[in-house]
There are 2 protein chains.
Amino acid sequence: MELKELVERYQTAINQVYRRVNGILKDKMHSDITTDQFSTLHFIFKHSKCTSTDIAHEFGVGKSAVTAQINRLDEKGLIVRERDENDRRVVYLSVTDKGTDFVNYTEKAIFEILGSYLKSFEKEEIYTFIHSLEKLAKIMNEDLGE
Amino acid sequence: MELKELVERYQTAINQVYRRVNGILKDKMHSDITTDQFSTLHFIFKHSKCTSTDIAHEFGVGKSAVTAQINRLDEKGLIVRERDENDRRVVYLSVTDKGTDFVNYTEKAIFEILGSYLKSFEKEEIYTFIHSLEKLAKIMNEDLGE
DNA sequence: ATGAATAGTTCACTTATTGAACTATATTAT
DNA sequence: ATAATATAGTTCAATAAGTGAACTATTCAT
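A brief report on the enclosed structure follows. The model shown is predicted, which means the values in this text are computed figures rather than measured ones.

### Description of the overall build of chain A
Then, number 1: In terms of helices and strands, chain A carries six helices and two strands.
Then, number 2: Counting over 146 residues, chain A shows a buried share of 43%.
Then, number 3: Entry remark: accessible area of chain A is about 8,200 Å², with carbon and sulfur atoms responsible for 50%.
Then, number 4: If you average the places of the 21 positive and of the 25 negative side-chain charges in chain A, the two averages end up 4 Å apart.

What follows is the structure, given as structure tokens:
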């Protein structure tokens, strides 16, 4: 099989999955938060006291884009900014109680739906798939540092 | 292993891969076309004489979003619109010679870079991975029709 | 102490998307 | 045959997301 064919199949499939997952989340979150905003909120939830720079690096976007994201989450009362007392340039981000509730509630909804899709897969197949995906992500991230 | 953990790992990894691939394409396409625009152009390239509705369905967006995309590609001279003579509501889309050259050139660049990432994978691992990805895409697309 | 680096914000601009309203054409039902 | 309905695509106003340059406010280095 040719590389060209494999890459095209990969592109088509990953695009479909990515957009479909986005669509499902949009439907089920029943709220006026976007999936991009939820990704950022979730990252802050998992990495409490992280910074804008961390987020910019994680998602591969500029710092000004992160400022805009953070502003939207801040306006909704889902996160708080907190300046470092020692290095006053730094702003730490963390989720509020409201943000925590929101993440927990939304995750539950997401797991139910995605879980139902995964029923057609053998456990072994899921592990192998995720392992390959993580390996690919790792290789690509490493390469970035060069 | 818990579903929750698997889904979170999936989300993190696929997000990273998706954004990283986008970043690579952006770097290497050395042109003022975006990756979204290239996706649309590529779809038209592969499905000559397709319609806006086809594209809206493929990418899961509204028709007005497609009109905007098509306009951008049209302005760049990469595609042409052509009305159906029998059903004058319908507009067929196809790539111009310039568009064809552009797709071929860009694909070559993409294959070189993505190919280099895939060197760390066994052939078998790649096939299995793409097979699972396509299976997931298929399940999700089927579910959409309900 | 001065100059460079770092963290974050602001600003102007572009792209992508949505959804409602609209035009034009085709289909269907009475 | 015609009136109602459906379909294909566009336009428009709004929002979200991104870029990159210029900026503020710090901290670090020599």
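Anyway, onward from the coordinates.
### Concerning the protein's contact with DNA strand D
Then, number 1: Taken together, 25 residues form the shell around DNA strand D, and within it Thr-34, Gly-62 and Asn-86 of chain A together with Thr-53 and Lys-63 of chain B come nearest.
Then, number 2: Close to the protein, within 4 Å, the atoms of DNA strand D belong to sugar or phosphate groups at a rate of 63%.
Then, number 3: Backbone polar atom of Asn-86 of chain A to a phosphate oxygen of DNA strand D: 2.7 Å apart, as the coordinates give it.
Then, number 4: With respect to DNA strand D, the side chain of Lys-63 of chain B contributes an N or O atom lying 2.6 Å from a base nitrogen.

### Considering the interface of chain B and chain A
Then, number 1: At the junction of the two partners, chain B supplies 56 residues and chain A supplies 57 residues.
Then, number 2: Sorting the residues of chain B by area buried against chain A places Arg-20, Phe-129 and Met-140 of chain B first, and these three jointly supply 12% of that buried surface.
Then, number 3: At the boundary of chain B and chain A, one finds eight salt bridges.
Then, number 4: Across the salt bridge formed by Glu-8 of chain B and Lys-46 of chain A, the nearest N and O atoms sit 3.2 Å from each other.

Cut-off values and rules
Residues numbered from 1 in each chain as written. Chains lettered and ligands numbered in written order. Predicted model: local features only at pLDDT ≥ 70, side-chain atom pairs only at ≥ 80, totals over all residues. Heavy atoms only, no water. Helix = DSSP H or I, 4+ residues; strand = E, 2+ residues; numbered from the N terminus. Buried < 20%, exposed > 50% of the residue type's maximum accessible area, 1.4 Å probe, protein only. Areas by Shrake-Rupley, 256 points an atom, 1.4 Å probe, with all protein chains shown as cover. Lys, Arg positive; Asp, Glu negative; His and termini not counted. Charge placed at Lys NZ, Arg CZ, Asp CG, Glu CD. Near = heavy atom within 4 Å. Polar contact = N/O pair within 3.5 Å; in protein donor to acceptor, adjacent residues only side chain to side chain. Contact = heavy atoms within 4.5 Å. Buried area = accessible area lost by both parts, 1.4 Å probe. Salt bridge = Lys/Arg side-chain N within 4 Å of Asp/Glu carboxyl O.

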